[in-house]
Amino acid sequence: MKFNTKTIHGGQENTDPAYGSVMPPIYQTSTYKQTTPGGHKGFEYSRSGNPTRAALERSLASIENGKFGLAFGSGLAAIDAVVKLFKPGDEIVSTNDLYGGSYRLFTKIYENFGIKFHFVGMQNAADIEKYINGNTKMIWVETPTNPMMNIIDIEATSVIARKHNLLLAVDNTFATPYLQQPLDLGADIVMHSATKYLGGHSDVVMGGLVVKDEALADRLYFIQNASGAVCGPQDSFLVLRGIKTLHIRMQRHCENGEAVANFLKSHPRVKQVYWPGFEDHPNHEIAKRQMKGFGGMISFTTSEGTLESAVKLVEKLHVFTLAESLGGVESLAGHPASMTHASIPKEEREKTGVVDSLIRLSVGIEDAGDLIEDLKNALG
Ligand SMILES: Cc1ncc(COP(=O)(O)O)c(C=O)c1O
């Protein structure tokens, strides 16, 4: 199956043997009848497995060209499960410009358990090698990065990971498998905040992992069940429904993203626009090679360069909603320094470009002209 067919049918054969419903039923149950101890039809308790969640997990595996999918109660719960593969003394080399919550989980929770993180600018993949030693176990990559839209070369990073026998995990939340498929580029684990583009309608919080290797999948399934951060059947249904339109939504996100990025670039009250589709983006060539399009995530700074100018601007928007999150059909605007990235100390975030005048846009699938008009009015 091609990608656009997989979003709709991938892993969905025979989801309802009872009545043949086209969508899988929402199995709102915590437990399953056994005829004799251990005599069940494949499900015994909904933390360990639920048929609606299983349908979603098969869909996740299918769209990412993996073999095994795992769904969690949030993106962070999915990342948490990955870090639980490791033990005190182990080291992880991570992208330095990443979602603030991932940074918080790594530094505020897992450093206390003796796992060491190195936050590294990975725009030049060769730089990663400087931070690898005998204790290193994994490279954690986010690309495009949140919120600076840096692009990291997944294939080049996977060569380094193989050479040192490390796992490579890629947070594919921004790109989605419509734009890039990290497992095909050599990654071992793909992670999603399914809250974003996969769900696509800002109505659910969920996370996902996809892997190819069965032994790794077994370890992660063990953690998923043992730690228990699973999602419910209703939310599984919603994300499964969202995935069915992922390809057409992403196509429009990319078109609108391009129109908005070009508008911002030409506006005198905008200083810098970060979007991987620009030819002068430092890793544009890598983006062109590993992505099918450039997406609808854009960050920019105001020409005044102040916190006040950014705050005033986002307050004046009407079609864009000032809100956390991204990836829904509706356009959102955020102020990373005070919202999504507030958990990163100011000195740290400013090193990567997350300055007070930075605004992040999740360009939705409304009419592009209305979005540009809204920005024009707010910029004044
Ligand atoms: C790139 C990225 N990774 C992970 C997460 C965490 O996902 P969740 O909010 O679903 O826990 C987010 C949330 O914004 C994100 O943007």
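In what follows, the accompanying structure is described. Fair warning: this is a prediction, and the values are worked out from it, not measured in the lab. (Residues numbered from 1 in each chain as written. Predicted model: local features only at pLDDT ≥ 70, side-chain atom pairs only at ≥ 80, totals over all residues. Heavy atoms only, no water.)

### Considering helix α4 (residues 100–110)
Point 1. Counting buried positions along α4 gives eight out of eleven residues, so the element sits mostly inside the fold.
Point 2. Where α4 is buried, its residues meet α3 (75–83), β2 (91–95), β3 (116–120), β4 (136–142) and α12 (346–351). (Buried < 20%, exposed > 50% of the residue type's maximum accessible area, 1.4 Å probe, protein only. Helix = DSSP H or I, 4+ residues; strand = E, 2+ residues; numbered from the N terminus. Contact = heavy atoms within 4.5 Å.)

### Overview of the environment of Glu324
Point 1. Positionally, Glu324 belongs in the loop between β10 (321–322) and β11 (332–334).
Point 2. For Glu324, a relative accessible area of 44% puts it in the partly exposed group.
Point 3. As a C-alpha pair, Glu324 and His335 span eleven residues in sequence and 8.5 Å in three-dimensional space.
Point 4. Residue contacts for Glu324: discarding those within four places in its chain leaves Leu332, Met339 and Thr340.

### Description of the sheet that holds strand β7 (residues 207–211)
Point 1. The mixed open sheet is built from seven strands, whose spatial order is β1-β7-β6-β5-β4-β2-β3. If you trace the sheet from one side to the other, it starts and ends with β1 (68–72) and β3, each paired once. Direction aside, neighbouring strands of the sheet carry axes that sit 20° apart on average.
Point 2. Sheet strands in contact with helix α7 (residues 214–227) are β1, β5 (167–171), β6 (189–193) and β7, and its direction is about 20° off that of β1. (Pairing = 2+ DSSP bridges. Axes fitted to C-alpha atoms, helices over the stretch in contact; angles between N-to-C directions.)

### Considering the pattern of salt bridges
Point 1. With the rule as written, the count across this model stands at 18 salt bridges.
Point 2. A salt bridge links Arg53 to Glu57; the nearest nitrogen and oxygen atoms lie 3.3 Å apart. Here the residue Arg53 and the residue Glu57 both occupy positions in helix α2 (residues 51–63), the gap between them amounting to four residues, near one helical turn.
Point 3. In this structure Arg53 comes out as buried when scored by relative accessible area, which is 1%. (Salt bridge = Lys/Arg side-chain N within 4 Å of Asp/Glu carboxyl O.)

### Focus on the nonpolar core
Generally speaking, soluble globular proteins have nonpolar side chains that are buried together.
Point 1. In terms of nonpolar packing, the biggest core is built from 34 residues, with Leu56, Leu60, Leu179, Leu198, Met206, Val239 and Ile243 touching the most fellow members.
Point 2. Taken together, the elements giving at least two residues each to this core come down to α2, α6 (176–179), α8 (233–243), α9 (246–265) and α10 (284–290).
Point 3. The leading source of residues in this core is α2, at five residues.
Point 4. Beyond its immediate chain neighbours, meaning those up to four positions away, Leu198 contacts Leu60, Ile63, Pro177, His192, Val239, Gly242, Ile243, Leu246 and Arg249. (Core = buried A, V, L, I, M, F, W, Y, C linked by side-chain atoms within 4.5 Å.)

### A short note on the environment of Leu209
Point 1. Considering the arrangement of structural elements, one finds Leu209 in strand β7.
Point 2. We classify Leu209 as buried; its relative accessible area is 0%.
Point 3. Put simply, Leu209 and Ala77 are 132 residues apart on the chain and 10 Å apart in space, counted from C-alpha to C-alpha.
Point 4. Residue contacts for Leu209: discarding those within four places in its chain leaves Phe68, Gly69, Leu70, Phe72, Ala78, Ala81, Val82, Ile189, Val190, Met191 and Leu220.

### Some words on the pairing of strand β9 (residues 297–302)
Point 1. Among the six residues that make up β9, six are buried, leaving the element largely enclosed by the rest of the structure.
Point 2. Side-chain alternation along β9 places Met297, Ser299 and Thr301 on one buried face and Ile298, Phe300 and Thr302 on a second face that is also buried.
Point 3. As paired elements, strand β8 (residues 270–274) and β9 share four bridges and run antiparallel to each other. In the strand pairing of β9, Gln272 is matched with Thr301.
Point 4. In the sheet, β9 pairs with strand β12 (residues 358–362) via five bridges, with the strands oriented antiparallel. Across the sheet, the residue bridging to Ile298 is Leu361, located in β12.

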